[in-house]
Amino acid sequence: MSHLTHLECSLCGRTFDADRLQRLCPDCARPLLARYDLASVRALGREAALTDEPTMWRYRALLPVRKPENVVSLGEGLTPLTPARRLGEALGMSHLYIKDESLNPTGSFKARGLSAAISRASELGVQEVVIPSAGNAAGAMAAYAARAGMKAHVYMPRDVPAPFLLECRALGAEVVLVDGLITDCGREARRAAERGGWFDVSTLKEPYRLEGKKTMGYELAEQFEWDLPDVIIYPTGGGTGLIGMWKAFQELGELGWIGERRPRMVAVQPTGCAPIVRAFHAGAEFAEPWRDAHTVAAGLRVPAAVGDFLILRALRESGGTAVAVSDEALLEGQRRMARLEGIFACPEGGATVAALEVLLDQGWIRPDERVVLFNTGTGLKYPL
Ligand SMILES: *Cc1c(COP(=O)(O)O)cnc(C)c1O
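Residues numbered from 1 in each chain as written. Predicted model: local features only at pLDDT ≥ 70, side-chain atom pairs only at ≥ 80, totals over all residues. Heavy atoms only, no water.

Close to the ligand lie 18 residues, the nearest being Lys110, Tyr234, Gly237, Gly239 and Thr376. Residue Lys213 places a side-chain N or O atom 2.9 Å away from an oxygen atom belonging to the ligand. Computed on the free molecule, the ligand has an accessible area of 390 Å², of which 96% lies beneath the protein chains in the complex. Looking at the shell around the ligand, the elements with two or more residues in it are strand S10 (231-235) and helix H9 (240-255). Tallied by class, residues from the shell around the ligand come to 6 nonpolar, 9 polar and 3 charged. (Near = heavy atom within 4 Å. Polar contact = N/O pair within 3.5 Å; in protein donor to acceptor, adjacent residues only side chain to side chain. Areas by Shrake-Rupley, 256 points an atom, 1.4 Å probe, with all protein chains shown as cover. Helix = DSSP H or I, 4+ residues; strand = E, 2+ residues; numbered from the N terminus. Nonpolar A, V, L, I, M, F, W, Y, C, P; charged D, E, K, R; others polar.)

Here it is as structure tokens:
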């Protein structure tokens, strides 16, 4: 059973009813965060709180869906944490790991967020959904919407790689190609949502995709036997996964399931679109939009993120950092992960290898630290 209690604005703290459809805080236009009765879950104990389902719904006590029969699942989550011995050796490291999210349904970690968001939207009566996406989120939404029997509308940049388009259409979504970037798609999707009365599941503009993605943090804790690693390197676009994992660690702390130690969170972005890296090093609370964003890593081509301040907070609170890497370097990272570890990562995943090399060179990461690279999706959807 879900221990969800209410929603809370991430900026002003105002609270909202979780059993009604909600989007951004109407006062500050910033994300709402799901809150749970953690004291009850703590009293229940870890064994009783976790189910034995082989999916992220194992953590359903800490997820937002009220009734088990409303969960829309394709087997998302519980992805492998693979020791990266050969890549580690090549870099002189002794404890390097890859969390391989490419094994999720539809080939990326977007499945986690959309399983949660579509389940909860369906539970609250939504029948038609819309999403702006650079590719992976659209494919995932189309799949979960099909499974839930919902009508799906997708707004993607015209230059999206063909496999994403093929996937969305095959899964029955209506696809609109937009001349522009993800932010332009977001604007079009919002208009269409208002016109059609559809529910917009843009990342962080509804509260539950974040909840799906936070399960990556629970899984890491469990896979490391409740003793979190030293560093997590995460390819950051909208930042949902990074914010979600940081939220997960806070919840696990309150539950008493982990100790005080937290990983240093690292955001990696391409040099062609690095608004978070720039804001982090400027000491800013919010990130200025990036102009003329360009990179082969489509999931990282996010010039402005609604959760910018939450990403920056997580980086700073964790003692982490932010690194920009060139497209050339991230593609080289993708090649190294493939040839040394047998994982054909997306370019976004390759970026974590490039960032790791930079941070080792700087001495910011020590060779004996336990470091996790996030491969967020499969390389198969990015034709040359
Ligand atoms: C969406 C996406 C990202 C960025 O994820 P956020 O959590 O929104 O920062 C990274 N990699 C891939 C493959 C993606 O599809």
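This next bit is on the packing of aromatic side chains. Summed over the entire model, instances satisfying the criterion amount to 8 aromatic pairs. Arranged with centres 5.7 Å apart and planes meeting at 90°, the rings of Phe164 and Tyr382 form a pair that is edge-to-face. Remark: Tyr382 occurs in the segment after strand S13 (370-375) and Phe164 occurs in helix H6 (residues 162-170); sequence separation between them is 218 residues. The two residues Phe164 and Tyr382 agree in class, both being buried. Taken together through their ring pairs, the aromatic side chains of Phe109, Tyr234 and Phe374 make up a single cluster. Positioned over the ring face of Phe109 is Lys213, at 3.7 Å from the centre of the ring. One Lys or Arg, Arg264, reaches over the ring of Trp364 and ends 4.5 Å from the middle of that ring. (Phe/Tyr/Trp six-rings, centres within 6.5 Å; stacked < 30°, edge-to-face > 60°. Buried < 20%, exposed > 50% of the residue type's maximum accessible area, 1.4 Å probe, protein only. Lys NZ or Arg CZ within 6 Å of the ring centre and 35° of its normal.)

Turning to the packing of helix H8 (residues 208-223) against H9, a few remarks are in order. Running from amino to carboxyl end, H8 crosses H9 at an angle of 60°, the nearest separation of the two axes being 7 Å. For the element pair H8 / H9, the angle class is oblique. Every pair of crossing elements has a handedness; the one defined by H8 and H9 is right-handed. On the side of H8, the interface is formed by Arg209, Leu210, Glu211, Lys213, Lys214, Met216, Gly217, Tyr218, Leu220 and Ala221, while H9 contributes Thr240, Gly241, Ile243, Gly244, Met245, Lys247, Ala248, Phe249, Glu251 and Leu252. Here the residues of the contact of H8 with H9 sort into 10 nonpolar, 4 polar and 6 charged. (Axes fitted to C-alpha atoms, helices over the stretch in contact; angles between N-to-C directions. Parallel < 35°, antiparallel > 145°, perpendicular 65-115°, else oblique. Left-handed = near helix turned anticlockwise from the far one by under 90°. Contact = heavy atoms within 4.5 Å.)

Turning to H9, a few remarks are in order. A rise of 1.5 Å per residue sets the reference length of H9, with its 16 residues, at 22 Å; its end C-alpha atoms lie 22 Å apart and thus fit the reference within 8%. Of all 16 residues that make up H9, 13 are buried, and the element is covered over most of its length. (Expected span 1.5 Å × (residues − 1).)

With that out of the way, let us pick up the nonpolar core. Among the nonpolar cores identified, the biggest contains 64 residues, and Met245, Leu252, Trp257 and Leu315 are the most heavily contacted of them. When sequence neighbours within four positions are dropped, the list of residues in contact with Leu252 reads Gly217, Tyr218, Ala221, Trp226, Trp257 and Ile258. (Core = buried A, V, L, I, M, F, W, Y, C linked by side-chain atoms within 4.5 Å.)

Next up on the list: the pairing of S10. The side chains of a regular strand alternate, residue by residue, between the two faces of the sheet. With 5 of 5 residues buried, S10 is to be regarded as a mostly interior element. Neither face of S10 is open: one carries Val231, Ile233 and Pro235, the other Ile232 and Tyr234, and all of them are buried. Two strands pair when backbone bridges link them, and S10 and strand S11 (residues 264-270) are joined in this way by 5 bridges, in the parallel orientation. Directly across from Pro235, in S11, lies its bridge partner Val268. Regarding topology, H9 serves as the crossover connection from S10 to the parallel S11, and that connection is right-handed. Sheet topology note: the S10/S13 ladder contains 3 bridges and is parallel. Bridging from a neighbouring strand, Ile233 pairs with Leu373 of S13. (Pairing = 2+ DSSP bridges. Right-handed = clockwise from strand over helix to strand, strands pointing away.)

By way of backbone hydrogen bonds, the strands of a sheet pair with one another, either parallel or antiparallel. Spatial ordering of the open sheet is given by S4-S5-S13-S10-S11-S12, a layout of 6 strands whose pairing is mixed. With partners counted over all chains shown, the strands left at the sheet margins are strand S4 (81-83) and strand S12 (321-325), one partner each. Each adjacent strand pair in this sheet contributes to an overall mean axis angle of 25°, direction not counted.

Throughout the structure, instances matching the rule amount to 29 salt bridges. A salt bridge links Arg60 to Glu53; the nearest nitrogen and oxygen atoms lie 2.8 Å apart. The exposure class of Arg60 is buried, given its relative accessible area of 14%. You can call Glu53 partly exposed: its relative accessible area is 25%. Salt-bridge contacts for Glu251 lead to Lys247; the nearest nitrogen and oxygen are separated by 2.7 Å. Of this pair, Glu251 and Lys247 both sit in helix H9, 4 residues apart, roughly one helical turn. Within this structure, Asp19, Arg66, Arg120 and Glu123 form a network of salt bridges that share partners. (Salt bridge = Lys/Arg side-chain N within 4 Å of Asp/Glu carboxyl O.)

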